[in-house]
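Close look at the chain arrangement
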Amino acid sequence: LADLSLSVCISSRELFSPSQKYQLLVYHADSLFHDKEYRNAVSKYTMALQQKKALSKTSKVRPSTGNAASTPQSQCLPSEIEVKYKMAECYTMLKQDKDAIAILDGIPSRQRTPKINMMLANLYKKAGQERSSVTSYKEVLRQCPLALDAILGLLSLSVKGAEVASMTINIIQSIPNLDWLSVWIKAYAFVHTGDNTRAINTICSLEKKSLLRDNVDLLGSLADLYFRAGDNKNSILKFEQAQMLDPYLIKGMDVYGYLLAREGRLEDVENLGCRLFNISDQHAEPWVVSGCHSFYSKRYSRALYLGAKAIQLNSNMQEAIIHFREAIRLAPCRLDCYEGLIECYLASNSIREAMVMANNVYKTLGANAQTLTLLATVCLEDPVTQEKAKTLLDKALTQRPDYIKAVVKKAELLSREQKYEDGIALLRNALANQSDCVLHRILGDFLVAVNEYQEAMDQYSIALSLDPNDQKSLEGMQKMEKEESPTDATQEEDVDDMEGSGEEGDLEGSDSEAAQWADQEQWFGMQ
C-alpha cells in the first residue's frame, strides 16, 4: 500500500503533503524491515531522512500558520532519531556493524535515548572498543538504573561490581523489596571474574530467598555455572528444575541437550529437540540440540550442528582452532572453549601451543580440579613432563576425588607404568559414589591385565548398560568372547592329541594358555 501511495504521490504532488510523504516512506521502510529486506529498507529510510530534511527547511521558510489540523499530524511523525535507530538495526542484521556505529555516532549525545546508547554499547563491545562501550553502558544506567543488561555489560568488561552497584544504590534505597539487587550484582560480578564457586554460593543464597524462589533465570544461571565448574550432575538437575517451571524455556537448553547427549540419554535429547522446535525454530538452541543428537548417534551426515565437534570430525583442525579462539574471546571464563582448543592443538600435534594455552588457562581461571587436569592432559603428551602430570593429577584428585576426567587421566598414567593394582584401587574408589560408563570400561581393561576375566566382563556389561553405544566397551567384551572360544576348541583338540601322543598335549595346552593374553598391552587405548 505504501509503495502504491508513493507512486501516486510522485504523479500527483498535491495529493499528499510533504509530511505525509515522509510518513509513507517510513511506513514503506518499516514493512521492508519486517519482511527482512534490509538493504531495501535502508534505501527507503535514507529517502525518508532526505524528505524530513526538506520538510524542516520548508518549515523554517514558512512558519506554522497555527492550523490546528496540521499540529497533531506533525506531532505523530516519527523522529529522525527513531529512523536512524531503525537504519542501524538494518545494518546489524546485514553484519555491517561499522555502518551501524557510524549512523548512531551521528546522533548528538544529548539526543540519544537509552536504547540507542544500549545498541551503541553492544556494538562498541563487539568491535573491541571497550572504553567507548563502558561509557555508553554507564549512560544507559544513568537514565535507567534498573537496566540489568547494561549492568551485565559493564561486569563483562571488567568494571568492578562495587562500582556498578554504586550506580544503582539510589534506586535500591528508594524502592521497597529491592535489596536483593545488590546481591544479584555481586553474584554476576563473580560470574564474570570466573569465580564459579562464589558465584554459585551467592546465587544459591538469592534463590533461597522467598522473593526470588523458583526464579527460572537464576536456576538457568546456576545450571550454567555448575556446567562451567564441571559438575554435570547438578547442572542437569538445575536445567530440569528450570524447564519444569517454564515448559517454553529456550535459553540454556542447548547446553542441557549437550549434557544429556554426553550421558547417552539420546531419547531424551531427541524429545527435547522436538519440543524446542515446536516453541521456536528461530533460535539456535533447537538446532544445536538436534545436532547433538545426530552427532552422538553417529549419524554425521545429519549433524547440522557445525560446531567444534563436527569440524574436528572432518579433521579440519585449523578451522576448528579459529572457532575456538573466537569462542574464548567472547567467553573467556568458559573452560570448555579452552578444552576444545587444546584438544585441537593436541590432535594436530602442536604440543607447544597446547602447553602455552593450558598454562594460560591455569593462570586465568586459577588452580582448580579442572584446570589442573587440563594442564596434566597436555603434560602427558610429552615424556619429559610425565612426573609433572602425575603431581598435577594428584592435586586435582585431592580437591575433587570424584572428578571423572582427572580419574581417567590418572588411570592412563598408571596404565603406562603398568601399575594395574593401583589403577584398580583408584577406579573402585571413584566408582564408590557414582556410576560412569568410561570408568567401568577402564576398570574392565585393568582387570583383564591382572587376569580377573569374569569381573572384567561384568564391568564391560555395566558400562554398556550405561551407554549402549560405547564402542570400546563393546570391543572389549567381544575380544574376550573371541579369545575364550578358540581356547575351548584348542582344549578339545588337546584332549584328542593327548589320547594319541602322551605328554605332548600338556605342552601344547600350556603354550596356548600362555599366548592367550600375551597381547594384553593393546587393551589400554584410553585416548
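Please refer to the structure placed before this passage.
Fair warning: this is a prediction, and the values are worked out from it, not measured in the lab.

Turning our eyes to something else, we now look at the overall build of the chain. Counting secondary structure elements, the chain contains 30 helices and 0 strands. By the burial criterion, 44% of the 527 residues in the chain qualify as buried. The long-range fraction of contacts in the chain, counting pairs at least 24 apart against all pairs at least 6 apart in sequence, stands at 49%. On the chain, roughly 28700 Å² of surface is accessible, and the fraction owed to carbon and sulfur atoms is 51%.

This next bit is on the environment of Glu-353. Relative to the assigned elements, Glu-353 resides in helix H22 (residues 351-365). The exposure class of Glu-353 is partly exposed, given its relative accessible area of 38%. Linking Glu-353 and Val-378, residues 25 residues apart in sequence, is a C-alpha distance of 9.9 Å.

Attention shifts here to unusual backbone geometry. The phi angle of most residues is negative, glycine excepted, and most peptide bonds adopt the trans form. You will see that Lys-36, though not glycine, has its phi angle at about 65°, which is positive. Inspection of the secondary structure assignment puts Lys-36 in the loop between helix H2 (18-34) and helix H3 (38-61). Owing to a relative accessible area of 56%, Lys-36 belongs among the exposed residues under this scheme. Positive phi outside glycine occurs at Ser-158, with the angle close to 70°. Position of Ser-158 among the secondary structure elements: in the loop between helix H9 (148-156) and helix H10 (161-166). Using a relative accessible area of 66% as the deciding quantity, one classes Ser-158 as exposed.

In terms of nonpolar packing, the biggest core is built from 56 residues, with Ile-342 and Leu-427 touching the most fellow members. Broken down by element, this core gets its largest block of residues, 8 residues, from helix H21 (residues 335-347). Three or more residues apiece are contributed to this core by two domains, here domain 2 (327-400) and domain 3 (410-483). Contact partners of Ile-342, with chain neighbours within four places excluded, come to Ala-354, Met-357, Ala-358, Leu-374 and Val-378. With 34 residues, the next largest nonpolar core counts Leu-141, Leu-181, Leu-212 and Leu-222 among its residues.

Attention now goes to the pattern of salt bridges. This model, assessed by the stated rule, comprises 21 salt bridges. In this structure, Glu-163 engages Lys-138 in a salt bridge whose closest nitrogen and oxygen atoms are separated by 2.8 Å. Pair noted here: Glu-163 is in helix H10 and Lys-138 is in helix H8 (residues 130-143), with a separation of 25 residues, a long-range link. On the accessibility criterion, Glu-163 (35% relative accessible area) is partly exposed. Residue Asp-217 pairs with Lys-251 through a salt bridge whose shortest N-O separation is 3.7 Å. Of the two residues, Asp-217 is situated in helix H14 (residues 216-228) and Lys-251 in the loop between helix H15 (232-245) and helix H16 (253-262); the sequence distance between them amounts to 34 residues. Given the relative accessible area of 61%, Lys-251 is considered exposed. Each of the salt bridges in this network shares a partner with another, and the network as a whole consists of Glu-240, Glu-263, Arg-265 and Asp-268.

The subject of this paragraph is the packing of aromatic side chains. Aromatic ring pairs are reported here in terms of the distance separating the ring centres and the angle at which the planes meet. A full pass over the atoms with the stated rule returns 5 aromatic pairs. Relative to Tyr-256, the ring of Phe-239 lies with its centre 5.7 Å away and its plane at 40°, an arrangement referred to as tilted. Within this pair, whereas Phe-239 is found in helix H15, its partner Tyr-256 is found in helix H16, the two being separated by 17 residues in sequence. Comparing Phe-239 with Tyr-256 shows no difference in burial state: the two are buried. Aromatic pair Tyr-420 and Phe-446: ring centres 6.0 Å apart, planes at 80°, arrangement edge-to-face. Remark: Phe-446 occurs in helix H27 (residues 437-449) and Tyr-420 occurs in helix H26 (residues 420-430); sequence separation between them is 26 residues. One exposure class covers both Tyr-420 and Phe-446, and it is buried. For the cation-ring pair, Lys-52 lies above Tyr-22, with the distance from its terminal atom to the ring centre recorded as 5.9 Å. Directly above the aromatic system of Tyr-85 lies the positively charged group of Lys-115, at a separation of 4.4 Å from the ring centroid.

The first and last C-alpha atoms of helix H12 (residues 180-192) sit 19 Å apart over 13 residues, in line with the 18 Å expected at 1.5 Å per residue. All of the buried residues along H12 are Leu-181, Trp-184, Ile-185, Ala-187, Tyr-188, Ala-189, Phe-190 and Val-191. Looking at the buried positions of H12, the neighbouring elements they touch are H9, H10, helix H11 (169-174), helix H13 (196-208) and H14. Gly-194 occupies a position one or two residues after H12 and carries a positive phi of about 80°.

Reading the values: the criteria
- Residues numbered from 1 in each chain as written.
- Predicted model: local features only at pLDDT ≥ 70, side-chain atom pairs only at ≥ 80, totals over all residues.
- Heavy atoms only, no water.
- Helix = DSSP H or I, 4+ residues; strand = E, 2+ residues; numbered from the N terminus.
- Buried < 20%, exposed > 50% of the residue type's maximum accessible area, 1.4 Å probe, protein only.
- Contact = heavy atoms within 4.5 Å.
- Areas by Shrake-Rupley, 256 points an atom, 1.4 Å probe, with all protein chains shown as cover.
- Core = buried A, V, L, I, M, F, W, Y, C linked by side-chain atoms within 4.5 Å.
- Domains from an automatic or database assignment.
- Salt bridge = Lys/Arg side-chain N within 4 Å of Asp/Glu carboxyl O.
- Phe/Tyr/Trp six-rings, centres within 6.5 Å; stacked < 30°, edge-to-face > 60°.
- Lys NZ or Arg CZ within 6 Å of the ring centre and 35° of its normal.
- Expected span 1.5 Å × (residues − 1).

These results come straight from atomic positions and should not be treated as a statement about function.
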